[in-house]
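Next come the chains, spelled out residue by residue.
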Amino acid sequence: MIDFSTLPDENSKRFIAVLNKKVEMGRLYNALGHMTAGLVAQVGDVDSLCFLQYRDKEEGIHPSISHYPFIVLKADNSNKIRKVRGELLQRNIPFTDFTDTMIVGTSAEQVKATSEKSEQELEYFGICMFGDTSVLKELTGKLSLFK
């Protein structure tokens, strides 16, 4: 059994994904998966993500679900995501993003396509971040839940 008294306040930190509502859902799911996996690597300290092992009645394990909430928000367009990205960069908050150049061909082709566009030319599908709840709410507070 998990001793919850030893864990940090589950609302002190959170994951937030902001997805571009103009992008087709299948592509958004792909982007969200890539960004989330990359964010774990970006944060680096896996223990800080506070992953729990859930157990069912038969002692089956349902592994690696974070103690912290994961909120999915929507942005009206790529520029809204670009603005959040700029704030994350300024504040040195870990994040990953996903752009239109990351869906073409192989990984090598995607890296090349990204290198051939300026940041302003990139179309953002989404951005994913992890950090203190109060700071992330400050950056994303005007965005609504993705439904």
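Refer to the preceding data block for the structure.
How each quantity is defined
Residues numbered from 1 in each chain as written. Predicted model: local features only at pLDDT ≥ 70, side-chain atom pairs only at ≥ 80, totals over all residues. Heavy atoms only, no water. Pairing = 2+ DSSP bridges. Helix = DSSP H or I, 4+ residues; strand = E, 2+ residues; numbered from the N terminus. Contact = heavy atoms within 4.5 Å. Axes fitted to C-alpha atoms, helices over the stretch in contact; angles between N-to-C directions. Disulfide = S-S within 2.5 Å.

Draft legend 1. Main features of the sheet that holds strand β6 (residues 124-132). Read from one edge to the other, the open sheet built from five strands follows the order β5-β6-β1-β4-β7, with strand pairing classed as mixed. On the outer flanks of this sheet lie β5 (95-99) and β7 (144-145), each paired with one strand and no other. Where β5 and β6 come together, five bridges link them in antiparallel fashion. Looking at β6, one finds that phenylalanine 95 is bridged to methionine 129. Its contacts with the sheet put helix α2 (residues 78-91) on β1 (13-20), β4 (70-75), β5 and β6, and the angle it makes with β6 is roughly 35°. Together, β1, β4 and β6 form the strand contacts of helix α4 (residues 133-140), whose direction differs from that of β6 by roughly 150°.

Draft legend 2. Region of the structure containing the state of the cysteines. Here the structure, examined in full by the defined rule, presents zero disulfides. Cysteine 128 provides the cysteine sulfur closest to cysteine 50, a residue in no disulfide bond, and the two sulfurs are 17 Å apart.

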